[in-house]
Amino acid sequence: MHGVASGDALSDRVIVWTKVTPPPDTPSFYVRYDVSLSAEDPDISLPGSPLTRLGPSIFSGTVMTGPEVDYTVKIDLLGLDPKTVYYFQFSVPSNIADYNAGKPHSLVFSPAGRTQTLPAQDDASISSVQFAVVSCSNWPRGFFNVYSSIAARPEIDVVLHLGDYIYEYRNGEYGDGASIGRIPLPDKELLTLEDYRGRHAQYKEDEDLQALHRLKPWIVIWDDHEFVDDISGFASSFHQHSNETMSRIPAAMRAYFEYLPIRAQKTFTYTPTHLSVQKTSNQEDNQNLLLLSKTERHVQQQQERSGIYRNFHFGTLLDLMMLDTRIHGRDKSDWSTLQDEGRTILGDDQEQWLVDQLQGSMDRGASWRIIGNQVVFAQMDYWGLMFNGDAWDGYPASRKRILEAIEERKLKDIVVLTGDVHSSFSFNVPKSLDSYNPKTGEGSLLVEFVAPAVTSPSPLESIHVGFLNPLAEMLFPRIEPHLHFMDLSRRGYMILKVGVERTVCEYWYTKNVRVRNSGESLGAIVETEKNSGRITRVTTMP
């Protein structure tokens, strides 16, 4: 009913997930999992059909789920081989009561999922990695055509979701899904743990989302709508928030960790329960723990921090750093303190962590450094016309410190990936636009690619002037001279192709989110060459 998923893959482990739907008030019970190196192919006449069953199981086991975690199952499979495709499947008794009573029973099987571990950190053979980059998936606004399109691409290695995986609104408040059968449940603004669990469960029933979770490992970060619109400063000023917010945010966070294939992290408001993630190994003895020591230390160091910011290594080709600009350390949005030098969007610890990760990536000889981030990093207020205080523009001192560190340390080949604004942008990012040469790109320290929304409305659509997009495409680059591509009206996704000598970003657009599987088209290809620190080519399609 809710499918299967995988995520947070490392070179020797990966999270696998499912949800069981037993009768109400069912107590905790065991779920079996099997892992294999093969699976039977589906009927080729039915694209997107689930794999039917696994090949020979290389290891299996049982884990417990129950009402404490809304009957979700999340397992951290350990002791896997690097750069290897694995298939997994869950099974449960068809009648839990009969099973508990020792009576005869049959088994119910989940679809078989496919996942893949990352290459070893020192693997120099990796010459290409492809990411699908998505954000802002609003249920009543339309169908998740983007997810089905990505699921049909066997070349995609990992899906990056940059936030707003769910939305917290009732129907009609930010999209009306009545005419297309997509009314969000529960049909109310989300406030309680049960509310957030219900919305997550509904999303997991979507066939297109299920297909993409079933076939590709995901790496996710949250933005604001997983909690409440424009939440900011919760970590730094939580005592100033209302009692409703004080209970709402931890509830949303708990549901997020229960329903997403992400390693549960301890935060200042949430500690994972013993059922939320369970570690299992494909070894019956403990000798494999000696082999896991390097990665184990990496995971333990991440879990000792409070937050979801974390990093991933793809051989010597690239390092991926995923940030939390929303909850962890963000100062409260406040116009009166906008220019304060101590103001931060990351928090001091995460800010230092990011600089250290960039430096460490350079020191180990990785070709590229990719940063997954929720909100627009580049300056967008050169003429004061596009100011967005919710983005890094609202935290200029924090951005300045990051860019100064990049410049002073001579850190190169950095690409920032962003969601949030339901638009497509490609930026050069200099430390200051005053010293930036728009003709040559001189002064740019890194590039930023901003992804369109999966379904959420574009800025021009929101004000019913989508026909102005061609005019905006001509006007805005003059206002913002570091902007090299933009689209303010279409929904879609990015494909990021990282190679040794260049990184290429393709912008793909779905034709109509109000019609399922309406088709897609390529809108633009934007490239940055190694050692350039800037956008080197833009190709737009008619």
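No experiment lies behind these values; they were computed from the predicted model shown.

1. Digging into the overall build of the protein chain
On a plain count of helices and strands, the protein chain comes out with 11 helices and 23 strands. Per-residue burial over the protein chain gives 59% buried out of 542 residues. Look at the contacts in the protein chain between residues 6 or more apart in sequence, and 72% of them connect residues 24 or more apart. Here the protein chain has roughly 21,400 Å² of accessible surface; of this, 51% comes from carbon and sulfur atoms.

2. Focus on the sheet that holds strand S15 (residues 368-373)
The seven strands are arranged S13-S14-S15-S16-S18-S17-S19 in an open sheet whose pairing can be described as mixed. With partners counted over all chains shown, the strands left at the sheet margins are strand S13 (310-314) and strand S19 (483-487), one partner each. Ignoring which end each strand starts from, the neighbouring axes of this sheet average 20 degrees apart. Sheet topology note: the S13/strand S14 (residues 318-322) ladder contains five bridges and is antiparallel.

3. Description of the nonpolar core
Within the largest apolar cluster, 103 residues are counted, with the highest numbers of intra-cluster contacts made by Phe131, Leu318, Leu320, Leu417 and Phe449. If you tally residues by element for this core, the top one is helix H5 (residues 243-259), at eight residues. For Phe131, the contacting residues outside a window of four places in its chain are Ile156, Val158, Leu160, Phe314, Leu318, Leu320, Met494, Ile495, Leu496 and Val498. By size, the runner-up hydrophobic cluster in this structure holds 39 residues, among which are Ile345, Trp353, Met380 and Ala391.

4. Notes on the confidence of the model for the protein chain
Overall, the prediction assigns the protein chain a mean pLDDT of 89, with 85% of residues at 70 or greater. Mean pLDDT across the secondary structure elements of the protein chain bottoms out at helix H6 (residues 288-291), with 39, and peaks at strand S16 (residues 414-418), with 99. Confidence drops under pLDDT 50 across residues 283-293; counting only partners more than four residues distant or on other chains, this segment forms seven contacts.

5. Thoughts on the pattern of salt bridges
A complete count under the given rule lists 28 salt bridges for this structure. The closest approach of N and O atoms between Arg32 and Asp34, which form a salt bridge, is 2.9 Å. Here Arg32 falls in the partly exposed class, since its relative accessible area comes to 36%. On the accessibility criterion, Asp34 (13% relative accessible area) is buried. Here Asp393 ties to Arg399 by a salt bridge, and the two come within 2.9 Å at their closest N and O atoms. The residues Asp393 and Arg399 share a single accessibility class, namely buried. Beyond isolated ion pairs, a larger network of salt bridges with shared partners links Asp8, Asp76, Arg263 and Arg310.

6. Notes on the environment of Thr418
Mapped onto the elements, Thr418 comes out in strand S16. We classify Thr418 as buried; its relative accessible area is 0%. Excluding its chain neighbours within four sequence positions, the residues that come into contact with Thr418 are Leu162, Asn373, Gln374, Val375, Val376, Phe377, Glu448, Phe449, Val450 and Ala451. Looking at Thr418, its side chain comes within polar contact range of the side chain of Asn373, at 3.0 Å.

7. Regarding the packing of helix H8 (residues 348-363) against helix H9 (residues 396-408)
For the pair H8 and H9, the least separation of the axes is 11 Å and the interaxial angle reads 20 degrees. Between H8 and H9, the angle falls in the class roughly parallel. Crossing angle aside, the handedness with which H8 passes H9 is right-handed. For the pair H8 and H9, contact is made by Glu351, Leu354, Val355 and Leu358 and by Ser398, Arg401, Ile402, Ala405 and Ile406, respectively. Residues that form the contact of H8 with H9 fall into these classes: six nonpolar, one polar and two charged.

Analysis parameters
Residue numbers run consecutively from 1 along every chain, following the written order of its sequence. Restriction of local features to residues with pLDDT of at least 70 applies here, the model being predicted, together with a cutoff of 80 or more for giving and counting side-chain atom pairs; totals for whole chains, interfaces and linings are based on all residues. Note: side-chain values were computed over all heavy atoms of the structure, leaving out hydrogens and water. Secondary structure is summarised from DSSP: a helix means a run of H or I of at least four residues, a strand means a run of E of at least two, and numbering begins at the N terminus for each. Buried residues are those whose accessible area, probed at 1.4 Å on protein chains only, stays under 20% of the maximum for their type, while exposed residues exceed 50% and partly exposed ones sit between those limits. Any two residues having at least one pair of non-hydrogen atoms within 4.5 Å are treated as being in contact. All accessible-area figures derive from a Shrake-Rupley calculation using a 1.4 Å probe, and residue coverage is judged against the displayed protein chains alone. For two strands to be treated as a pair, DSSP must find no fewer than two bridges joining them. For helices, the axis comes from a line fit to the C-alpha atoms of the stretch in contact; other axes are also lines fit to C-alpha atoms, and the angle between any two N-to-C directions lies between 0 and 180 degrees. Buried residues of nine kinds, namely Ala, Val, Leu, Ile, Met, Phe, Trp, Tyr and Cys, make up a nonpolar core once their side-chain atoms join them within 4.5 Å. Values of pLDDT, ranging from 0 to 100, describe the predictor's confidence in every residue of the model. Counted as salt bridges are all cases of a side-chain nitrogen of Lys or Arg within 4 Å of a carboxyl oxygen of Asp or Glu. In the analysis that follows, any N or O atom pair within 3.5 Å is treated as a polar contact, provided that within protein one partner can donate a hydrogen and the other can accept it, and provided that, for residues neighboring in sequence, both atoms belong to side chains. When describing relative orientation, an angle under 35 degrees is termed roughly parallel and one over 145 degrees roughly antiparallel, while 65 to 115 degrees is termed roughly perpendicular and anything else oblique. In this scheme, a crossing is called left-handed if the near helix is turned counterclockwise away from the far one by less than a right angle; it is called right-handed if the turn is clockwise. Only Asp, Glu, Lys and Arg are considered charged, only Ala, Val, Leu, Ile, Met, Phe, Trp, Tyr, Cys and Pro nonpolar, and every remaining residue, Gly among them, polar.

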